[in-house]
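# Structure assessment
Letter by letter, the chains look like this.
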Amino acid sequence: MGQLDGKVAFITGVARGQGRSHALALAREGADIIGLDLCGKPSTTAYAGATREDLEETARMVKEAGGQLHAEVADTRDYDQVKAVFDRGIDRFGRVDIVIPNAGICSGAKTWEISPQDWREMIDINLNGVFHTVKAAAPTLISQGDGGSIVFIGSTEALKGAENISSYAASKHGVTGLMTSLARELGQYRIRVNSVNPTCVDTHMINNDFVYGLFRPDLDKPTREDVIETFSGTHLLPVPWIEPRDVSSAILYLVTEPGRYITATSMVIDAGFIVKS
């Protein structure tokens, strides 16, 4: 018996990275997954986007973990696309219990050097896309009358600012505000709303030349090995970054029985980053 037998989760950005990890963690506990991913590269990112092959691999892995995945290619910036995928997932599985608006990007520059177009893409994916996800799912959660759980993917930058990524920090601060507001609105329906706020997670979002350059501006072309010591220096614990499964474990706690009375909380998973910085 899994902790989530009979439950269904709606997860965006599910093709790889954190999204895949969250889907697998929930599937291992018995959940089925409604998932979507852009399977493409936003114009502002310094790293390649997920692919359809990545999405197919997630589906295979979810099945291997004991769950089912209804997966489609869709853009969270387009509410109609998000709602259509969600509705088809509901047609297949009949319900939803957990919502994880995971899709997001990171890029940046000095604030005055960010183009209006780049700023809009960050906000459109990291904040508007999150809003579209919960807007699509919340009415069903309410109408089912069984409660539920929404977990936003924040960041340490959802709780503090940072140089050179002000658009990212602004978008994630917006996620924190949306989380606390939605928790107030949905508590009466026994729907809990929280966020997890990790330090750097070992995914494509930090493994790219842009981020390496932020951490080692003294080098022309820093590599992963070049930045490990600098990354580690930002934490109280001597680790450069955390793994996707560390975030997934926190989500699993929030959406299962042990977290049944936790709502409106910004859970930090940061190896001591915020305190040290």
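Procedures and definitions
- Residues numbered from 1 in each chain as written.
- Predicted model: local features only at pLDDT ≥ 70, side-chain atom pairs only at ≥ 80, totals over all residues.
- Heavy atoms only, no water.
- Pairing = 2+ DSSP bridges.
- Helix = DSSP H or I, 4+ residues; strand = E, 2+ residues; numbered from the N terminus.
- Right-handed = clockwise from strand over helix to strand, strands pointing away.
- Salt bridge = Lys/Arg side-chain N within 4 Å of Asp/Glu carboxyl O.
- Buried < 20%, exposed > 50% of the residue type's maximum accessible area, 1.4 Å probe, protein only.
- Axes fitted to C-alpha atoms, helices over the stretch in contact; angles between N-to-C directions.
- Left-handed = near helix turned anticlockwise from the far one by under 90°.
- Contact = heavy atoms within 4.5 Å.
- Nonpolar A, V, L, I, M, F, W, Y, C, P; charged D, E, K, R; others polar.
- Phe/Tyr/Trp six-rings, centres within 6.5 Å; stacked < 30°, edge-to-face > 60°.
- Lys NZ or Arg CZ within 6 Å of the ring centre and 35° of its normal.
- Expected span 1.5 Å × (residues − 1).
- Parallel < 35°, antiparallel > 145°, perpendicular 65-115°, else oblique.
- Core = buried A, V, L, I, M, F, W, Y, C linked by side-chain atoms within 4.5 Å.
- Domains from an automatic or database assignment.
- Buried area = accessible area lost by both parts, 1.4 Å probe.
- Polar contact = N/O pair within 3.5 Å; in protein donor to acceptor, adjacent residues only side chain to side chain.

## Considering the pairing of strand E3 (residues 69-73)
Every regular strand shows the same layout, with side chains that alternate between the two sheet faces. As defined by bridge partners, strand E2 (residues 32-37) adjoins E3 across five bridges and the pair is classed as parallel. Looking at E3, one finds that isoleucine 34 is bridged to histidine 70. Between the parallel elements E2 and E3, the chain passes through helix H2 (residues 52-64) in a crossover that is right-handed.

## A few points about the pattern of salt bridges
In the structure shown here, the tally under the stated rule is 13 salt bridges. Across the salt bridge formed by aspartate 75 and arginine 77, the nearest N and O atoms sit 3.0 Å from each other. In this structure aspartate 75 comes out as buried when scored by relative accessible area, which is 16%. Given the relative accessible area of 24%, arginine 77 is considered partly exposed.

## Topic: the packing of helix H3 (residues 79-93) against helix H4 (residues 116-144)
One way to put it is that H3 packs onto H4 with a least axis distance of 8 Å and a crossing angle of 35°. Judged by the sense of rotation from one axis to the other, the crossing of H3 with H4 is right-handed. From H3, Tyr79, Val82, Lys83, Phe86 and Ile90 reach across to H4, where they touch His132, Thr133, Lys135, Ala136, Ala137 and Thr140. Classifying every residue of the contact of H3 with H4 by side-chain character gives six nonpolar, three polar and two charged.

## What about the packing of aromatic side chains?
In total, this model carries three aromatic pairs according to the counting rule given. Aromatic pair phenylalanine 10 and phenylalanine 86: ring centres 5.1 Å apart, planes at 55°, arrangement tilted. In this pair, phenylalanine 10 sits in strand E1 (residues 8-12) while phenylalanine 86 sits in helix H3, placing the two residues 76 residues apart along the sequence. Residue classification places phenylalanine 86 among the buried positions, given a relative accessible area of 1%. Chaining the aromatic ring pairs together yields one cluster made of Phe215, Phe231 and Trp241. Cation over ring: lysine 135 sits above tyrosine 79, and NZ or CZ is 5.5 Å from the ring centre.

## Comments concerning helix H1 (residues 17-28)
Between its terminal C-alpha atoms H1 stretches 17 Å, which fits the 16 Å expected from 12 residues at 1.5 Å a residue. In terms of burial, H1 is a largely internal element, 10 of the 12 residues being buried. Immediately downstream of H1, the backbone of glycine 30 shows phi near 105°, a positive value.

## Quick look at the packing of H4 against helix H5 (residues 166-186)
Their axes nearest at 8 Å, the elements H4 and H5 cross at an angle of 15°. As summarised for this structure, H4 and H5 are arranged roughly parallel, according to the angle between their axes. Crossing handedness for the pair H4 and H5: right-handed. Of the residues in H5, those touching H4 at Trp119, Met122, Ile123, Asn126, Leu127, Val130, Phe131, Val134 and Ile142 are Ser166, Ser167, Tyr168, Ala170, Ser171, Lys172, Gly174, Val175, Leu178, Leu182 and Leu186. For the contact of H4 with H5, a count of residues per class yields 14 nonpolar, five polar and one charged.

## Examining the environment of cysteine 39
Here cysteine 39 is to be found in the loop between E2 and H2. Residue contacts for cysteine 39: discarding those within four places in its chain leaves Ala50, Thr51, Arg52, Leu55 and Val73.

## A few points about the nonpolar core
The tendency in soluble globular proteins is for nonpolar side chains to be buried as a group. Counting 32 residues, the largest nonpolar core has Leu26, Ile33, Val196 and Ile251 as the members making the most contacts within it. No other element matches helix H8 (residues 244-255), which puts six residues into this core. Dropping the residues within four chain positions of it, isoleucine 251 is found in contact with His22, Leu26, Ile100, Val151, Ile153 and Val196. In terms of nonpolar packing, the next biggest core, distinct from the first, is built from 26 residues, Phe10, Val85, Phe86 and Phe152 among them.

## Details of the domain arrangement of the protein
Domain parsing of the protein yields domain 1 (8-200 + 243-268) and domain 2 (207-240). Here domain 1 and domain 2 have C-alpha centroids that lie 26 Å from each other. Taken together, the eight residues of domain 1 in the interface contact six residues of domain 2. With both sides pooled, the region where domain 1 packs onto domain 2 buries about 550 Å², and carbon together with sulfur makes up 75% of that total. Viewed at the interface, domain 2 and domain 1 are joined by zero salt bridges. Where domain 1 meets domain 2, there are one residue pair in polar contact (both at pLDDT 80 or more). Broken down by class, the residue content of the side of domain 1 that touches domain 2 amounts to four nonpolar, four polar and no charged.

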